[in-house]
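Descriptive analysis of the structure
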Amino acid sequence: MKFVYISLSGNTKAFVEKLVDYLAFKHPEVFVETLDVKELVKGGQDYPDLDQPYVAFLPTYLEGGNGVDTGDQEILTGDLRQLIAKGDNASNCLGIVGSGNRNFNNQFCLTAYQYSKQFNFPVLDVYEMRGLTADVERIAEKIYQVYGFEN
Ligand SMILES: Cc1cc2nc3c(=O)[nH]c(=O)nc-3n(C[C@H](O)[C@H](O)[C@H](O)COP(=O)(O)O)c2cc1C
């Protein structure tokens, strides 16, 4: 399976690494590949075609506001949106996992819901910051099911 993520201050990267470790331990038959969009952009590479199913991971960065009538403008994470928007990439996304901070109230994980609406795939789950052990377990098992390993 493939995880595609963007991470500005390292929380999402750390969470994805914990998911990979959990899956390697609990479901060793599963091979997980990761794609760090920030590294891709830094390396000056074009957005690739994602022709296999993948799960996207998106932290929330909004420009001010309250998430209701103002402040739903995404900042810093637009490279992930552009990668998903490229060609048929959106159709291979099984869903998105949003992250953020509940102090942002109505803006908590808002961008993941915006992607879900724009690209028509589900928000699989949301968690705060680096995620707790319970978040890792719940989300890893959910993704395992979404990939069809248990059905
Ligand atoms: C400038 C800024 C704006 C943020 N805006 C939101 C927000 O609107 N909603 C939210 O849930 N979290 C918000 N956060 C919290 C981040 O989504 C959270 O810290 C996340 O874990 C960062 O992931 P990363 O370390 O992978 O970049 C914001 C954080 C920063 C620094």
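Numbers given to residues run from 1 along each chain, matching the order in which its sequence is written. Local features are withheld for residues below a pLDDT of 70 in this predicted model, meaning they are given only at 70 or higher, and side-chain atom pairs are given and counted only at 80 or more; totals for whole chains, interfaces and linings count all residues. Based on all heavy atoms of the structure, the side-chain values leave hydrogens and waters out of the count.

In the nomenclature of an unreviewed UniProt entry, the chain is known as Putative NrdI-like protein of Streptococcus dentapri.

Overview of the overall build of the chain
Where helices and strands are cited, they refer to DSSP runs of H or I of at least four residues and of E of at least two residues respectively, numbered from the N terminus. Summing up its helical and strand segments, the chain has five helices and five strands in all. Listing each helix as α and each strand as β along the chain from the N terminus yields β-α-β-α-β-α-β-α-β-α. For a compact globule of 151 residues, the expected C-alpha radius of gyration is about 15 Å, and the chain comes in at 15 Å, within 12% of that figure. Summarising its shape, the C-alpha atoms of the chain cover approximately 45 × 35 × 30 Å along the three principal directions. With a 1.4 Å probe rolled over the protein chains alone, any residue whose accessible area is under 20% of its type maximum counts as buried; one over 50% counts as exposed, and the rest are partly exposed. When the 151 residues of the chain are sorted by exposure, 46% land in the buried category. For the chain, the proportion of contacts with a sequence separation of at least 24, taken over those separated by at least 6, is 73%. Method for areas: the Shrake-Rupley scheme with a 1.4 Å probe, in which residue coverage is limited to the protein chains shown. On the chain, roughly 7900 Å² of surface is accessible, and the fraction owed to carbon and sulfur atoms is 49%. When the 13 basic and 21 acidic side-chain charges of the chain are each reduced to a single mean position, those positions are 3 Å apart. To get the radius of gyration, use the C-alpha atoms; to get the globule rule, take the number of residues to the power 0.38 and multiply by 2.2 Å. In this analysis, two residues are considered to be in contact whenever any of their non-hydrogen atoms come within 4.5 Å of each other. Think of it this way: Lys and Arg go in the positive column, Asp and Glu in the negative one, and His and the chain ends go nowhere. Note that the charge is assigned to NZ on lysines, CZ on arginines, CG on aspartates and CD on glutamates.

Digging into the side chain of threonine 60
Here threonine 60 lies in the loop between strand E3 (54–59) and helix H3 (78–85). Distance and chemistry together define a polar contact, namely a pair of N or O atoms within 3.5 Å, with one atom able to donate a hydrogen and the other to accept it when in protein, and with adjacent residues in sequence counting only for side-chain atoms on both sides. In terms of polar contacts, threonine 60 uses its side chain to reach the backbone amide nitrogen of cysteine 109, at 3.5 Å. Not counting the four nearest positions on each side in its chain, threonine 60 is found in contact with Ser99, Gly100, Gln107, Cys109, Leu110 and Thr111.

With respect to the sheet that holds strand E5 (residues 123–128)
Think of it this way: DSSP has to see at least two bridges between two strands before they count as a pair. With parallel pairing, five strands are arranged side by side in an open sheet as E2-E1-E3-E4-E5. What marks the edges here is a single partner per strand, and that holds for strand E2 (33–36) and E5. In this sheet, adjacent strand axes meet at a mean angle of 20° when their direction is disregarded. Taken together, the six bridges between E3 and strand E4 (residues 93–100) define a ladder with parallel strand orientation. The residue of E4 that forms the bridge with proline 59 is serine 99. Across the sheet, H3 is in contact with strand E1 (2–5), E2 and E3; its angle to E3 comes to roughly 155°. Along the sheet, helix H4 (residues 110–119) makes contact with E3, E4 and E5, crossing E5 at roughly 170°. With axes taken as lines fitted to C-alpha atoms, and helix axes fitted only over the stretch in contact, angles between N-to-C directions fall between 0 and 180 degrees.

Re the packing of helix H1 (residues 11–26) against helix H5 (residues 133–146)
Running from amino to carboxyl end, H1 crosses H5 at an angle of 65°, the nearest separation of the two axes being 9 Å. Compared by their axis directions, H1 and H5 come out roughly perpendicular. Here H1 and H5 pass one another in a crossing that is right-handed. Contacts from Phe15, Lys18, Leu19, Tyr22, Leu23 and Lys26 in H1 reach Asp135, Val136, Glu137, Ile139, Ala140, Glu141 and Ile143 in H5. Roughly parallel here means an angle under 35 degrees, roughly antiparallel means over 145, roughly perpendicular means 65 to 115, and every remaining angle is called oblique. When the near helix sits turned anticlockwise from the far one by under a right angle, the crossing is termed left-handed; a clockwise turn instead gives a right-handed crossing.

What to know about the site of the ligand
Proximity is defined per residue: if any heavy atom of the residue lies within 4 Å of a molecule or strand, that residue is considered near it. As a matter of local geometry, the ligand sits amid 18 residues, with Ser7, Ser9, Thr12, Thr60 and Tyr61 nearest to it. Contact between the ligand and leucine 62: a nitrogen atom at 3.5 Å from a main-chain N or O atom of the residue. Protein contact buries 83% of the 650 Å² of open area that the ligand shows by itself. Within the residue set of the shell around the ligand, elements represented by two or more residues are H1 and E4.

Topic: the pairing of E1
Successive side chains on a regular strand alternate, one facing one side of the sheet and the next facing the other. Of the pairings in the sheet, the one linking E1 to E2 comprises four bridges and is parallel in character. If you follow lysine 2 over to E2, its bridge partner there is glutamate 33. Handedness of the E1-H1-E2 crossover: right-handed. Note on handedness: a clockwise path from strand one over the helix to strand two, with the strands aimed away from the viewer, defines a right-handed crossover.

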